[in-house]
Amino acid sequence: MSQITIKRVESKRDLKRFIELHYDLYAGNPYDVPNLFSDEMKTLSKDKNAAFEFCEAEYFMAYNAENQLVGRVAAIINHRANKRWGRLCVRFGWIDFIDDINVSRALLQAVEDYGRSKGMNEMIGPLGFTDLDPEGMLTWGFDQLGTMPTIYNYSYYPEHIEQLGDFEKDNDYVEFKLMVPDTVPEKYTKISRMIETRYNLHVRKFTKKDIFEGGYGRKIFELINTCFKDLYGYSELSDRQISQYIDMYLPMADLSLITGVEDWNAEKKLVAVGISIPSLSVALQKCRRGRLFPMGWWHILRALKQHKTKGVDLLLLGVLPEYRMKGANALMFSDLIPRYQAYGFEWGESQVEMETNENVQSQWQYLETILHKRRRCYKKWL
């Protein structure tokens, strides 16, 4: 058995090593989409990520007998989610390791020990701090290009989890590739016309002024809080988190690819929103070790502003429960599909959906879809 030593991240230099491991382990992989180094630093820094208002975490690194870094993992306790779901869970996330069962065993043991020391009785993951972090270990679709919001991992990862024993399924996800049609499906068009007349629901497009001065940035994430509140592991975004997400993601967003739906019978209440961005997968692969400089910024700018990409990522799609049966999603797609066509997008990525969430999957019924990835969150009783 190879000797593995676990070390806790204790400094900014350690955290840099923790982040850099992923770039080393996946160098040259054609399917992995590495995150920007700066984004990882913000997310994992306890003084910068607003999730630490209700989360606590420790990060661990695994070294072999030659003192080489061979694995990493984050141990996270989301107290808000635990309270919401009545569980005592420690999460494992940001897990990477070489193909050595001793490394994966040591990393997960470190999370288990940390969880036990904090009074937890379950270990679940991979999960991040909140539902807006990447979640779920890829179990099928290893030959498919990853996306910015999701995790890519080698096929031996889930094999290790199975070999270690004591782990069971906690939640399964699916992901779809949605082909952009040549014309808006007639069903979407008919439903859109009907609900505009019958329910007085209407598309709302946003300006920068709406988002940053008119309060719509906050309204969008408050809507997401309401729509996602019953989804697996979700914890409500705090005011500080909402402000952080508005500042991080919306300044560079192409607002033509963000569509809202308002109820004009209820003082133009925002009842649905769809947020999509041009796929950054290829652009991020061209960012050397997750850096914007010297040329990474140019590739990302081309994807975001010049739409030099064939795909579009459907980041967030939320419809208030009482409006789901009224066809609010059809209004969003009727607005977005022509924009996708104009930009030359050929497909969209649905991102992760709970395998059992038939309401979400039914939204794609009028589109050509390909189920191309599966992923799983595991659970172990402590």
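See above for the structure.
Residues numbered from 1 in each chain as written. Predicted model: local features only at pLDDT ≥ 70, side-chain atom pairs only at ≥ 80, totals over all residues. Heavy atoms only, no water.

Next up on the list: the overall build of the chain. Across its full length, the chain holds 14 helices and 14 strands. In terms of overall size, the chain behaves like a compact globule, its C-alpha atoms giving a radius of gyration of 21 Å where 382 residues would be expected to give roughly 21 Å. Dimensions of the chain, computed from C-alpha atoms along their principal axes, come out at roughly 70 × 45 × 40 Å. Within the chain, the proportion of its 382 residues that are buried is 55%. Within the chain, contacts between residues separated by at least 24 positions form 78% of all contacts whose residues are at least 6 apart in sequence. Accessible surface, the chain as shown: approximately 17,300 Å² in total, 50% of it carbon and sulfur. (Helix = DSSP H or I, 4+ residues; strand = E, 2+ residues; numbered from the N terminus. Rg over C-alpha atoms; globule rule 2.2 N^0.38 Å. Buried < 20%, exposed > 50% of the residue type's maximum accessible area, 1.4 Å probe, protein only. Contact = heavy atoms within 4.5 Å. Areas by Shrake-Rupley, 256 points an atom, 1.4 Å probe, with all protein chains shown as cover.)

Before going further, it helps to examine unusual backbone geometry. Of note, the amide linkage connecting Gly 125 to Pro 126 takes the cis form, showing an omega dihedral of 5°. Inspection of the secondary structure puts Pro 126 in the loop between strand E5 (122-125) and strand E6 (137-140). Following Phe 293, the chain continues to Pro 294 via a peptide bond in cis, the omega torsion being 10°. Here Pro 294 lies in the loop between helix H10 (281-285) and helix H11 (296-305). Unlike most non-glycine residues, Asn 200 shows phi in positive territory, near 60°. Mapped onto the elements of the fold, Asn 200 is located in the loop between helix H6 (186-198) and strand E8 (201-204).

As a further point, take the environment of Glu 58. Looking at the element boundaries, Glu 58 is found in strand E2 (residues 55-63). Separated by 186 residues in the primary sequence, Glu 58 and Gln 244 place their C-alpha atoms 22 Å from one another.

Among the 9 residues that make up E2, 8 are buried, leaving the element largely enclosed by the rest of the structure. Inspection of the sheet shows strand E1 (residues 5-8) paired to E2 by 4 bridges, in the antiparallel sense. Of the residues in E2, the one forming a bridge with Ile 6 is Ala 62. Taken together, the 9 bridges between E2 and strand E3 (residues 69-78) define a ladder with antiparallel strand orientation. (Pairing = 2+ DSSP bridges.)

Our next topic: helix H4 (residues 101-117). When the terminal C-alpha atoms of H4 are compared, their 24 Å separation across 17 residues agrees well with the 24 Å that a helix rising 1.5 Å per residue should span. Count one or two residues on from H4 and you reach Gly 119, which has phi positive near 85°. (Expected span 1.5 Å × (residues − 1).)

Running from N to C, helix H1 (residues 12-25) and helix H2 (residues 37-44) point in directions that differ by 130°, and their axes come no closer than 10 Å. In terms of axis orientation, H1 runs oblique to H2. Here H1 runs over H2; the crossing is right-handed. Of the residues in H2, those touching H1 at Lys 12, Leu 15, Lys 16, Phe 18, Ile 19, Glu 20 and Tyr 23 are Phe 37, Glu 40, Met 41 and Leu 44. Taken together, the residues that form the contact of H1 with H2 break down as 7 nonpolar, no polar and 4 charged. (Axes fitted to C-alpha atoms, helices over the stretch in contact; angles between N-to-C directions. Parallel < 35°, antiparallel > 145°, perpendicular 65-115°, else oblique. Left-handed = near helix turned anticlockwise from the far one by under 90°. Nonpolar A, V, L, I, M, F, W, Y, C, P; charged D, E, K, R; others polar.)

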